[in-house]
Amino acid sequence: MSTRTSALDSRIFGVDIQSGDIRGDSPSYALVTYDGESLDRDVVSHRKLLRRIDDEEPAIVATDNTYELAEDKAGLVGFLRELPTETKLVQVTGDERPEPLSRVASRHGVPYGKKPMQEAEAAARLAAHNVGYEVSAFTNTTEIKVARGRSTGGGGGWSEDRFTRRIHGSVKTTTRDVESKLDEAALDYEKEVTEKYGGYSRAIFEVEAKPSEIPVSARRSGDVRIEIERERRDGIEYRPLAQRQDHVVVGIDPGTTTAVALLDLDGQTLDVWSSRTSDTAEVIEWIIEHGRPVVVAADVEPMPETVEKIRRSFDAAGWIPERDLPVDEKLHRTREESYDNDHERDALAAALFAFDGHADQFERITAKTPPQFDRGEVIARVVAGEESVETVLDDLSEDGEPDEETTEHDPRELTDDEKQIKRLQARIDRLEGHVEDLKGTIASKDDRIDDLEAELSEAKREERKEARERREVTRLERENERLKRELAEAEQANEELDGKLERLKELWKIDHSNFAEVSEAKEGLVPVKPIEQFTKGAIEAADEDFGIASGDVVYLRDASGAGRTTAQLLADREPLVVLRDGGLSEQADQVLFDHDIPVGPADGVEIQEIDELAVAEEGDIEAVIDDWEARAEERRKEEKAEQLDQLISEHRARDPEHG
């Protein structure tokens, strides 16, 4: 009997569509609840089915076709997102290319009928014995995003600065709280923060856990919002419920890179694997973990010593071609299979040709094997052990392998008509399976066409967006020219204020000894804190002499030569604006730009200096900030346009046909 582990202790929902269509009319579903002992049957709507799943949280929702629950891949992803974290969606008929439910039920000795309620029951019973594939669209990684809950835009001025600083401070505080909870729960995570004026604008945690395992919940309140989202896979993944221990046909391609391919006894590919580092013992261990070999095959003649050693270790039958398999034949035979390299292709080809050589023998043995016996065990003993079917069945009957009700009847020799009927029935099953495979291929190609059409539509949208961006850049260039004219006018007005500044300097010398007093006494003036050179030592010396605090105006007498670390040291002090003589390095300019710190030339500002003190007109400072903000906005637009161009180029490179 099957060696799969049992899931009978869990609650399982078996589902099959009763009436209607998920793509049109409101469907109803036959629902069977199975816990290993009792069965409960009901007919429910799609909405009630989702509510039952949410309320009862079954271990498995089993069906013969997941697309009876969702109209397309996007709908299936949405359905999976709505499932409770611990509930699995299982397709009992296979992965992307499912078999008929009747065939799967017959193979595993599960009662089957064509009515929807009977099919739902068969699905539940099969899933209870770990038959089928779990359908998954998400990984076990969850993203937690802590971000601003409202815009930092406001009425302008110093009040807006305080408002922005408060929001960024709240995001930083919440980030630390989330980090503390993750540490207390001993969860592995990676953190990425974006620092802004006063704190963080956002923080992203990549946590190795499901949402139900994370001690943080999504919320939005006041200045902060928390979003929680499971990481999507690239597509829909089908994973077997239980580790395969079925009887298999094995193809092996030895060498520097060893590849192994496994087929079931119906010729379906179960797994393909290759490794450059594994020795023979590790290859044997991998095969043991995935199945019990009936036939071990190679694609060359004679059989390589490594393959022969593996065959003997399993007492399996061997298969080799009459001559080395040509590459074109291997390519043709594996044209519908998936593999990552030539070694895996050769292993697959060996397994597939070996199955072709034994297919008729497998069918004859299957026709003679009553359903209560393990077909794989019978085939293994006949093919590898060279026993007759009758001898194996007698032996298994003596071992108590079949059910009690079937052991009352002795096996008898079938008549010619019965043998012919069995052969024809087996052929019908194979043709039906082939039809289902072709339908699956058609559906897969239709999905590919839909994906390509969606990509084309997205590319057209991106092109329209790029045209809008170009128009916006042109508009901003005109705006920049206008601002330059206004700046020239403002500079001319500054010259008229020179005389006033001379008089104010004399008052400064008499009445004031520090920046704070100057700010309080003279409206329209702001203190300027000069730094001799853009070096760590000069910054620290100025900080020690008169302090550099958040919101200060800093004047760099010589701005050249600074690197990223020096610029970061100044950015950490969060100045209101940096005036400079000389040019900044690209690294320093990028650091200050990333921290939203305005930078402007000092020659546009009239700075009056008395000893180590300095003062400037507030209007001049505001003009520098306004000019920087205009240039910064243009710079961000240009960076965004460059990123867009790069995305379009990458898309065209990936899909030259639609480029």
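Residues numbered from 1 in each chain as written. Predicted model: local features only at pLDDT ≥ 70, side-chain atom pairs only at ≥ 80, totals over all residues. Heavy atoms only, no water.

Peer 1: Outline the overall build of the protein chain, supporting the account with residue identities and numerical values.
Peer 2: Along its length, the protein chain carries 18 helices and 21 strands. Taking all 659 residues of the protein chain together, 41% fall into the buried category. Contacts in the protein chain between residues far apart in sequence, at least 24 positions, make up 63% of those at least 6 positions apart. Here the protein chain displays about 36,000 Å² of accessible surface, and carbon together with sulfur accounts for 44% of that area. (Helix = DSSP H or I, 4+ residues; strand = E, 2+ residues; numbered from the N terminus. Buried < 20%, exposed > 50% of the residue type's maximum accessible area, 1.4 Å probe, protein only. Contact = heavy atoms within 4.5 Å. Areas by Shrake-Rupley, 256 points an atom, 1.4 Å probe, with all protein chains shown as cover.)

Peer 1: Kindly report on the pattern of salt bridges, identifying the contributing residues and their values.
Peer 2: Side chains carrying opposite charge are able to pair once their charged atoms draw close together. Enumeration according to the criterion identifies 44 salt bridges in this entry. A salt bridge links R345 to D342, with the nearest nitrogen and oxygen atoms 3.6 Å apart. Of this pair, R345 and D342 are both found in helix α9 (residues 342-368), three residues apart, which corresponds to roughly one turn of the helix. Residue R345 is classed as buried on the basis of its relative accessible area, which comes to 9%. Taking the relative accessible area as the measure of exposure, D342 reaches 48% and is therefore partly exposed. Two residues, K640 and E469, come together in a salt bridge whose shortest N-O distance is 3.9 Å. (Salt bridge = Lys/Arg side-chain N within 4 Å of Asp/Glu carboxyl O.)

Peer 1: A description of the confidence of the model for the protein chain should follow, citing residues and the corresponding values.
Peer 2: Per-residue confidence for the protein chain gives a mean pLDDT of 83, with 87% of residues at or over 70. Long-range and interchain partners of residues 1-8, a stretch whose pLDDT sits below 50, account for 25 contacts in this model, where long-range means more than four residues apart. Throughout residues 399-412 the model reports pLDDT below 50, and contacts reaching past four residues in sequence, or to other chains, amount to 12 contacts. (pLDDT = per-residue confidence, 0-100.)

Peer 1: An account of the packing of helix α17 (residues 586-594) against helix α18 (residues 618-654) is needed here, citing residue identities and associated values.
Peer 2: Relative orientation of the contacting elements α17 and α18 amounts to 100°, with a least axis distance of 12 Å. Judged by the inter-axis angle, α17 sits roughly perpendicular to α18. Residues D589, Q590 and F593 of α17 touch α18, and the partners they reach there are W628, A632, R635, R636 and E639. (Axes fitted to C-alpha atoms, helices over the stretch in contact; angles between N-to-C directions. Parallel < 35°, antiparallel > 145°, perpendicular 65-115°, else oblique.)

Peer 1: Go over the environment of A630, please, and point to the residues and values.
Peer 2: Relative to the elements of secondary structure, A630 occurs in helix α18. Here A630 falls in the partly exposed class, since its relative accessible area comes to 21%. Counting along the chain gives 151 residues from A630 to E479, while the straight-line C-alpha distance between them is 8.5 Å.

Peer 1: Tell me about unusual backbone geometry, and please be specific about residues and values.
Peer 2: Here the residue pair E301 and P302 is connected by a cis peptide bond, since its omega of 0° sits within 30 degrees of zero. Tracing the sequence through the fold places P302 in the loop between β14 (292-297) and α7 (305-314). Not every positive phi belongs to a glycine, and D315 is a case in point at roughly 55°. Along the chain, D315 falls in the loop between α7 and β15 (317-319). You can call D315 exposed: its relative accessible area is 62%. Non-glycine residue E574 carries a positive phi angle of around 55°.

Peer 1: I'd like a description of the packing of aromatic side chains, backed by residues and values.
Peer 2: Geometry of an aromatic ring pair is reported as the spacing of the ring centres plus the angle between the planes. Scanning all chains against the criterion turns up four aromatic pairs. Aromatic side chains W273 and W286 sit 5.0 Å apart centroid to centroid with 10° between the ring planes, which places their arrangement in the stacked category. Placement of W273 in strand β13 (residues 269-275) and of W286 in helix α6 (residues 280-290) is noted, with a sequence separation of 13 residues between them. Its relative accessible area of 10% is what places W286 among the buried residues. Across the ring face of F593, the terminal group of R635 is positioned such that the distance to the ring centre comes to 4.0 Å. (Phe/Tyr/Trp six-rings, centres within 6.5 Å; stacked < 30°, edge-to-face > 60°. Lys NZ or Arg CZ within 6 Å of the ring centre and 35° of its normal.)

Peer 1: Can you lay out the pairing of strand β5 (residues 88-91) for me, pointing to particular residues and giving the numbers?
Peer 2: Along any regular strand the residues' side chains alternate between the sheet's two faces. One ladder, built from four bridges, connects strand β4 (residues 60-63) with β5; its direction is parallel. Paired with I60 across the strands is K88, a residue of β5. Assessed by its sense of winding, the connection that carries the chain from β4 through helix α2 (residues 73-82) to β5 is right-handed. The pairing of β5 with strand β6 (residues 133-148) spans three bridges and is antiparallel. Bridged to Q91 within β6 is Y133. (Pairing = 2+ DSSP bridges. Right-handed = clockwise from strand over helix to strand, strands pointing away.)

Peer 1: How would you sum up the sheet that holds β14? Please name residues and give values.
Peer 2: On the basis of which strands lie adjacent, the open sheet formed by five strands has the order β13-β12-β11-β14-β15 and mixed pairing. Of all strands in the sheet, those bounded by a partner on one side alone are β13 and β15. Here the strands of the sheet are splayed against their neighbours by 25° on average, with no regard to which way each runs.

Peer 1: Describe the environment of I288, naming the residues involved and giving the relevant values.
Peer 2: With respect to the helices and strands, I288 occurs in helix α6. Taking the relative accessible area as the measure of exposure, I288 reaches 45% and is therefore partly exposed. Through-space distance from the C-alpha of I288 to that of F314 is 9.1 Å; in sequence the pair is 26 residues apart.

Peer 1: Help me get a handle on helix α1 (residues 46-56), residues and values and all.
Peer 2: Every buried residue belonging to α1 is among H46, L49, R52 and I53, and all of these are buried. For α1, the buried positions fall inside an angular range of 120° around the axis, keeping them on one side. Residues R47 and D55 are exposed on α1 and point more than 90 degrees away from its buried face. Of the surrounding elements, those touching the buried residues of α1 are β1 (12-19), β2 (28-34), β3 (39-45), β4 and α2. (Arc of directions from axis to C-beta.)

Peer 1: So what's going on with a negative patch on the surface? Which residues, and what values?
Peer 2: A cluster of acidic side chains, namely E71, D72, D446, D450, D451, E453 and E455, defines a negative patch on the protein surface. Here E455 lies in helix α12 (residues 416-496). (Patch = residues over 30% accessible without salt bridge, like charges linked within 9 Å, V, L, I, M, F, W, Y side chains within 5 Å. Lys, Arg positive; Asp, Glu negative; His and termini not counted. Charge placed at Lys NZ, Arg CZ, Asp CG, Glu CD.)

Peer 1: I'd like a rundown of α9, residues and numbers included.
Peer 2: Along its 27 residues, α9 runs 38 Å from first to last C-alpha, staying within 8% of the 39 Å computed at 1.5 Å per residue. The largest bend in α9 is about 50°, located at H358. Of the residues that open α9, the one with a side-chain oxygen 3.1 Å from the backbone nitrogen of H343 is N341. (Expected span 1.5 Å × (residues − 1). Bend = angle between axes of the 7 residues up to and from the residue. Polar contact = N/O pair within 3.5 Å; in protein donor to acceptor, adjacent residues only side chain to side chain.)

Peer 1: Which residues make up the side chain of H358, and what are the values?
Peer 2: By secondary structure assignment, the location of H358 is in helix α9. Side chain to side chain, H358 and Q361 meet in a polar contact 3.0 Å long. Sequence-distant contacts of H358, defined by excluding residues within four places in its chain, comprise V295, W319 and V383.

Peer 1: So what's going on with the nonpolar core? Which residues, and what values?
Peer 2: Within the largest apolar cluster, 34 residues are counted, with the highest numbers of intra-cluster contacts made by V249, V295, F362, V378 and V383. Those elements giving two or more residues to this core turn out to be β12 (258-263), β14, β15, α9, α10 (375-383) and α11 (389-398). Broken down by element, the residue count for this core peaks at 12 residues, all from α9. Residues Y29, L31, V77 and L89 belong to the second largest nonpolar core, which totals 24 residues. (Core = buried A, V, L, I, M, F, W, Y, C linked by side-chain atoms within 4.5 Å.)

Peer 1: For the packing of α6 against α7, give the residues involved together with the corresponding values.
Peer 2: For the pair α6 and α7, interaxial distance at closest approach is 11 Å and the crossing angle is 45°. Relative to α7, α6 is oriented oblique. Crossing of α6 against α7: the hand is right-handed. From α6, T280, V283, I284, I287 and I288 reach across to α7, where they touch T306, K309, I310, S313 and F314. The residue makeup of the contact of α6 with α7, split by class, is six nonpolar, three polar and one charged. (Left-handed = near helix turned anticlockwise from the far one by under 90°. Nonpolar A, V, L, I, M, F, W, Y, C, P; charged D, E, K, R; others polar.)

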